[in-house]
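For reference, the chains in residue letters:
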Amino acid sequence: MIPKILNFEEMVSLYIKILKKTITDTELELFKYNLEIFCCVPNAIFFNLNSEAKKILGKKEWSKLYSPDIEREFHSGPIETKS
């Protein structure tokens, strides 16, 4: 089965879950699938997602959540999810 193609707002929503580390394995796979479809250069998408997440959460709240390790974790494999 082919995963759903997400719109940008849905991608931002999943990205915020990644920042908060509350994303499920299924959501992470969906996110990765959509990143591969939307852009061959994930860094450009992450830049856009960071900008949108910062607007949604506010810079102060976003700064509490964001870690440069997020991108490295994404590229190196699944992020541990909370049970």
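Preceding this paragraph is the structure being described.
Reading the values: the criteria
- The residue count restarts for each chain, going from 1 along the sequence in the order it is written.
- Whole-chain, interface and lining totals are the exception, using all residues; otherwise, since this is a predicted model, local features are given only for residues with pLDDT of at least 70 and side-chain atom pairs are given and counted only at 80 or more.
- Side-chain metrics rest on all non-hydrogen atoms present in the structure, leaving aside hydrogens and water.
- Strands here mean DSSP runs of E at least two residues long; helices mean DSSP runs of H or I at least four residues long; both are numbered from the N terminus.
- Each axis is a line fitted through C-alpha atoms, and for a helix only the stretch in contact is used; angles between axes span 0 to 180 degrees, taken between their N-to-C directions.
- If an angle is under 35 degrees, it is roughly parallel; if it is over 145, roughly antiparallel; if it lies from 65 to 115, roughly perpendicular; otherwise it is oblique.
- We call a crossing left-handed when the near helix sits turned anticlockwise from the far one by less than a right angle, and right-handed when that turn is clockwise.
- Residue contacts follow a heavy-atom distance rule, with two residues in contact if any of their heavy atoms lie within 4.5 Å.
- Under the scheme applied, nonpolar residues are Ala, Val, Leu, Ile, Met, Phe, Trp, Tyr, Cys and Pro; charged residues are Asp, Glu, Lys and Arg; polar residues are all the others, including Gly.
- Working definition: a ring pair exists when centres of Phe, Tyr or Trp rings (six-membered ring for Trp) sit within 6.5 Å. Plane angles under 30 degrees give stacked, over 60 give edge-to-face, the rest tilted.
- Relative accessibility under 20% of the residue-type maximum defines a buried residue, over 50% an exposed one, and the middle range a partly exposed one, all with a 1.4 Å probe and only protein chains included.

**Details of unusual backbone geometry**
No. 1: Phi at K21 is positive, roughly 60°, even though this residue is not glycine.
No. 2: Within the fold, K21 resides in the loop between α1 (8-20) and α2 (25-38).

**Looking at the packing of α1 against α2**
No. 1: The geometry of α1 relative to α2 is characterised by a closest axis approach of 10 Å and an angle of 130° between their N-to-C directions. In terms of orientation, α1 and α2 fall into the oblique class. Relative to α2, the crossing made by α1 is left-handed. Taken together, the residues of α2 that come into contact with α1 (itself represented by M11, L14, Y15, K17 and I18) are E27, L28, L30, F31, N34, L35 and F38.
No. 2: Looking at the contact of α1 with α2, its residues break down into nine nonpolar, one polar and two charged.

**Some words on the packing of aromatic side chains**
No. 1: Taken as a whole and judged by the stated rule, the model has two aromatic pairs.
No. 2: Centroid distance Y15 to F31: 6.4 Å. Interplanar angle 20°. Geometry classified as stacked. Within this pair, whereas Y15 is found in helix α1, its partner F31 is found in helix α2, the two being separated by 16 residues in sequence. As far as the burial class goes, Y15 and F31 line up, both buried.
No. 3: Centroid distance W62 to Y66: 4.7 Å. Interplanar angle 15°. Geometry classified as stacked.
No. 4: According to the relative accessible area criterion, W62 is buried, its value standing at 10%.

Remember that the coordinates give geometry; whether it matters functionally is a separate question.
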